[in-house]
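Take a look at the letters that make up each chain.
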Amino acid sequence: SKPNKEGQLWNNVTQINAATASRDLYTKVKSDLINSYAWDTAIVYIQNFSGDIDYSKQTPLNRDLANTGVNSDEKCKINDMASNTVEWTTEYCAYSNSSNAYPCTCRGGNYTISSSYTDDRGIVGATDSLYYVSFRCALYM
């Protein structure tokens, strides 16, 4: 991951901080943390216009954390949905067990798990910051 303007990496970020950073990235357009509808729409777009009709089941192409766009997972000018880190979304998950509640959903492939794929959903606590979780924002124009 590249450092942000404060020198921090964009991985190891909580869902709460990722949402805040997503909203603050741009001044001329509205932006927010990506939602699962936008994630799924991007997958459909890629499958329809790249010719890769199985992209939703694409597994990671790399086995190490990499800068955005360097692991050959670019389709239709969209990078790293299958490879690199899983990414925070605004999707809520009601799953819980006796010791934890996991209200936030991460999407995408994960370089640490070779069987993960583009349309995977994972559950993580909103205040967890993990080296294999990052985020992407959605722009509203």
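Please read all numbers here as calculations on a predicted model, not as lab measurements.

(A) Looking closely at the environment of Cys 106. With respect to the secondary-structure elements, Cys 106 resides in strand E5 (residues 104-107). With residues up to four places along the chain from it excluded, the contact list for Cys 106 reads Val 86, Glu 87, Trp 88, Asp 120, Arg 121, Gly 122, Val 124 and Val 133.

(B) Spatial organisation of helix H2 (residues 36-50). The terminal C-alpha atoms of H2 lie 21 Å apart, and with 15 residues this matches the ideal 21 Å at 1.5 Å per residue to within 8%. Restricting attention to buried positions, one finds in H2 the residues Ser 36, Trp 39, Ala 42, Ile 43, Ile 46 and Gln 47. Buried positions in H2, seen along its axis, are confined to an arc of 130 degrees and lie on one side of it. Facing away from the buried side of H2 by over 90 degrees, the exposed positions are Tyr 37, Asn 48 and Phe 49. The inward-facing, buried residues of H2 contact strand E2 (74-75), strand E3 (78-79), strand E4 (86-92), E5 and strand E6 (121-124). Put simply, Asn 35 is the residue that caps the front of H2, since its side-chain oxygen is 3.1 Å from the backbone nitrogen of Tyr 37. Positive phi appears at Gly 51, one or two residues downstream of H2, with a value of about 85 degrees.

The rules behind the values
- Each residue is numbered by its place in its chain's sequence as written, counting from 1.
- Only residues with pLDDT of 70 or above have their local features reported here, since the model is predicted, and side-chain atom pairs are shown and tallied only from 80 upward, although totals for entire chains, interfaces and linings are computed over all residues.
- Calculated side-chain values reflect all of the structure's heavy atoms, with hydrogen atoms and water omitted.
- Comment: elements are numbered from the N terminus, with helices defined as DSSP H or I runs of at least four residues and strands as E runs of at least two.
- Contacts are assigned to residue pairs that have any heavy atoms within 4.5 Å of one another.
- Multiplying 1.5 Å by the helix residue count minus one yields the expected span of that helix.
- Only protein chains enter the accessibility calculation, which uses a 1.4 Å probe; a residue is then buried when its area is under 20% of its type maximum, exposed when over 50%, and partly exposed in between.
- As used here, the arc belongs to the directions running from the helix axis to the C-beta atoms.
- Here a polar contact is recorded for every N or O atom pair within 3.5 Å, except that within protein the pair must consist of a potential hydrogen donor and a potential acceptor, and residues adjacent in sequence are included only if both atoms are side-chain atoms.

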